[in-house]
Amino acid sequence: MTPNEPVQSSLFEELKRKAGAVSATRLISVGAALIVAMILTRLLDEDLYGAYRKLWLIYAMFGTILTSTVIGTLYYRSGTASDRGDAAGVALFLSLASGLLIAFISWAGAGFWAASLNSPDLANGFRMFAPYLLLGIFAASAEPIFVIYHRKKWLVAYTGVYNLIEGALIVVPFAMGMPIERVVLIMSAGPALRCVAVILFAWRHGVNFPRLAMLRREIRPSVAYATGILMVSVAGIAAMEADKWIVGIFFESDAMYAIYVVGAKKLPFVGAITSAIAAGVVAQYSSLIRGGSYTEALYACRKAAAILLIILLPMIAVSWVLAEDILVFLFEKYADSAPIFRIYLFVLLANTVLVSSFVLAHGLSRINALTGLAELVINVLLSILLISLIGLEGPAWATLIAHIGYTLILLMYCKIRLGISPVDFFPGRDIWPVVPVTALAFALALLIRSATEDVIITVIAGGMVAVLAIIFLLWKGGGGWWEN
């Protein structure tokens, strides 16, 4: 053990606690969204479900960009600002402004969005979705505020309750046969309740009301960092969502859009864990990295990458083999989404390299943004080319290629500008025992697939193989397989 390793381990344990709380809340949200999707794909035909999912493109693109900006800025400023109450107050102010902006975009541009996505009848749906956007974007500031005020258990409880309420507000109106525009208007009651909870929490925990003097003091550093984060979010989220826009534009059928969106779900639970760890790296290590101390952060990046690979590789192996069975089990009639689902599985592998989080923690958000813009351009151009050549799978391949390119560019930047070798972001060679275990999981999944045609048995047996492989690898990892 090196002299610095006790400090590195202590910091990493704190990172795990922060990331664990955020992961729990995001997993609850992802699980709730998955359950709602499972119910809706059984209640609605492909055309109606596809139309409903098109409405969410406004939130997925513009809303997620702004919520990511506010959340990322608050995590960063809470560790660098002189008063976290000021940072939190400004974050709430920016959340409200962001919600108003996106609600206006959805309302005013309703006809344009509906026409461009080949669903002119959806114009009123986009208008009725505006209140949800306003309230939902403001309420999204709850996560970082709960975390920086050390109320992680409260956050988990809050997340569970609001997801239960919002799930019911979506499913019940559809089950009653209400039209889409009425359903999305009823949905806005969910984030309205969340907004009340956020305001009460902020009031009771000393979040400063954004008065003029405080805005003058805090808004400049917050907005300076937020500008970079906004650029990162625009580039990154647009790159990840561009393929869905292109499918919506190139295919007139709402059913074809539904097939693509279902396949593009990746492994959402893993994505929640990855994003939570990435946010934790920024919050935990920003002050050290800005001071020129990289050792602790790189140690955390390697350790986190090892854990993510242990979780991902067996799951990818089993999910790739059983893709059709998993989609039919979850969504009943979307076996045609399997080729897209298989491609998206590998997008997650690039996310295990936490170089993007390191660059953000360094305060170099504009570098991340420029790299993300390159990813967006590559993704759009390749999507247009490949959708013309190979059809529905083309944009998925474009997303995978562009995201790998984004990661490689950032690794080269760190090598040239910061003197950090790309190897420093990857686990050591001791991670290699994961490979034979993953190969065994792949072989067992093939065996299960050939042994039975029962979808339920296939999925349950495959899930058990993946879980046992992960448990075994985590257990052996405790013996030091990936210590660096």
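Predicted model, so just to flag it, every value in this text is computed and none were measured.

Visitor: Mind showing me how you'd approach the packing of helix α15 (residues 323-331) against helix α16 (residues 338-350) here?
Guide: The description of two helices packed together rests on the angle between their axes and the distance between the axes. Relative orientation of the contacting elements α15 and α16 amounts to 110°, with a least axis distance of 9 Å. Looking at the two axes, α15 sits roughly perpendicular to α16. When the axes of α15 and α16 are compared, the crossing they make is right-handed. Of α16, the residues touching α15 (which contributes Ala 323, Glu 324 and Leu 327) are Ala 338, Phe 341 and Arg 342. Residue classes in the contact of α15 with α16 are distributed as 4 nonpolar, no polar and 2 charged.

Visitor: How do you make sense of the pattern of salt bridges when you look at a structure like this?
Guide: One side chain can pair with another of opposite charge once the charged atoms of both are near each other. One pass over the structure, following the stated rule, counts 5 salt bridges. We note a salt bridge from Glu 166 to Arg 194, for which the minimum N-O separation is 2.7 Å. Highlighted residues: Glu 166 in helix α8 (residues 152-175) and Arg 194 in helix α10 (residues 189-204), separated in sequence by 28 residues. Here Glu 166 and Arg 194 have matching classes, each one buried. Here Lys 244 and Asp 243 are joined by a salt bridge, their closest N and O atoms 4.0 Å apart. When its relative accessible area of 0% is taken as the criterion, Asp 243 is described as buried. A single network of salt bridges, built from pairs that share partners, joins Glu 324, Asp 325 and Arg 449.

Visitor: Would you mind going over the packing of helix α9 (residues 180-187) against α10 with me for this structure?
Guide: Here α9 crosses α10 at 10°, and the two axes come no closer than 4 Å. Accordingly, the angle class assigned to the pair α9 and α10 is roughly parallel. Across the interface between the two elements, Leu 185, Ile 186 and Met 187 of α9 pack against Ala 189, Gly 190 and Pro 191 of α10. Considering only residue class, the contact of α9 with α10 consists of 5 nonpolar, 1 polar and no charged.

What counts, and at which threshold
Residues numbered from 1 in each chain as written. Predicted model: local features only at pLDDT ≥ 70, side-chain atom pairs only at ≥ 80, totals over all residues. Heavy atoms only, no water. Axes fitted to C-alpha atoms, helices over the stretch in contact; angles between N-to-C directions. Helix = DSSP H or I, 4+ residues; strand = E, 2+ residues; numbered from the N terminus. Parallel < 35°, antiparallel > 145°, perpendicular 65-115°, else oblique. Left-handed = near helix turned anticlockwise from the far one by under 90°. Contact = heavy atoms within 4.5 Å. Nonpolar A, V, L, I, M, F, W, Y, C, P; charged D, E, K, R; others polar. Salt bridge = Lys/Arg side-chain N within 4 Å of Asp/Glu carboxyl O. Buried < 20%, exposed > 50% of the residue type's maximum accessible area, 1.4 Å probe, protein only.

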